[in-house]
Amino acid sequence: MRVAIAMLMGLVLCSCGHGDAVPDGEAGRHVGQEITVEGRIAQVKVFRGGAEALDLGGRYPHQTLVIYIPAADVEGMPDYKEGEKIAVKGTVMLYKGGPQIVVKSPGQITEE
């Protein structure tokens, strides 16, 4: 009986995606921490210098989290599209008063 319950608990935990992930709207509560955040891309921005930003939770200026990809690290990244659900792992920092995660490698972002 205990084995069956343990197996069921494992299935429930595994079926929830990233069990330790927080929703993008809560990222601001974790400044300075390395976490995994889940959310839907609301806007993709490409800057003149080649850097990219993925706004989660809303379009600028109403985004709840910005995923910033420096120009030097864009090569090798997939082409992200608005509406895609992603999970990103990194350290939450504040930039101009809002939460941001800087992504330096494709492995930090997974598509859901």
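Refer to the preceding data block for the structure.
Reading the values: the criteria
- Every chain begins its residue count from 1, and numbering advances along the sequence as written.
- Reporting of local features is limited, given that this is a predicted model, to residues whose pLDDT is at least 70; pairs of side-chain atoms are given and counted only at 80 or more, and all residues count toward the totals for whole chains, interfaces and linings.
- Side-chain numbers come from the whole structure's heavy atoms, not from hydrogens or water.
- Helix and strand assignments follow DSSP, with helices taken as H or I runs no shorter than four residues and strands as E runs no shorter than two, numbered in order from the N terminus.
- Exposed residues in this analysis have more than 50% of their type's maximum accessible area, buried residues have under 20%, and partly exposed residues fall in between, with area computed by a 1.4 Å probe over protein chains only.
- We call two residues contacting when some pair of their heavy atoms lies within 4.5 Å.
- Each accessible area value is a Shrake-Rupley result obtained with a 1.4 Å probe; residue values ignore everything except the protein chains displayed when judging cover.
- Strands were regarded as paired on the criterion that DSSP finds at least two bridges between them.

I keep staring at the overall build of the protein chain and nothing clicks. Help me out?
Helix and strand counts for the protein chain stand at 2 helices and 7 strands. Listed by position from the N terminus, the elements making up the protein chain come as α-β-β-β-β-α-β-β-β. In the protein chain, buried positions account for 36% of the 112 residues. The long-range share in the protein chain, meaning contacts at least 24 apart out of those at least 6 apart in sequence, stands at 50%. Total accessible area computed for the protein chain in this model is approximately 7,100 Å², and 57% of it derives from carbon and sulfur atoms.

What am I meant to see in the pairing of strand E3 (residues 52-56) here?
Successive side chains on a regular strand alternate, one facing one side of the sheet and the next facing the other. Taking burial as the measure, the 5 residues of E3 include 5 buried ones, the bulk of the element. Alternating residues of E3 divide into Glu52, Leu54 and Leu56 and Ala53 and Asp55, and every residue in both groups is buried. Strand direction decides the pairing type here: strand E2 (residues 34-46) and E3, joined by 5 bridges, are antiparallel. Bridged to glutamine 43 within E3 is aspartate 55. Linking E2 to E3, which pair antiparallel, is a turn of 5 residues; within it glycine 50 sits at a positive phi near 105 degrees. For E3 and strand E4 (residues 65-69), the ladder comprises 5 bridges, and the chain directions are antiparallel. Its bridge partner lying in E4, leucine 54 is registered against isoleucine 67.

Can you walk me through the side chain of histidine 30 in this structure?
Among the secondary structure elements, histidine 30 is positioned in the loop between strand E1 (22-23) and E2. Aside from chain neighbours lying at most four places away, what touches histidine 30 is Val22, Ile35 and Val92.

Teacher, can you tell me more about the environment of alanine 51 here?
The residue alanine 51 is located in the loop between E2 and E3 in this model. Apart from the residues within four sequence positions on either side, alanine 51 is in contact with Lys45, Val46, Tyr68, Ile69, Pro70, Ala71 and Val74.

So yeah, pure geometry; function would need other evidence.
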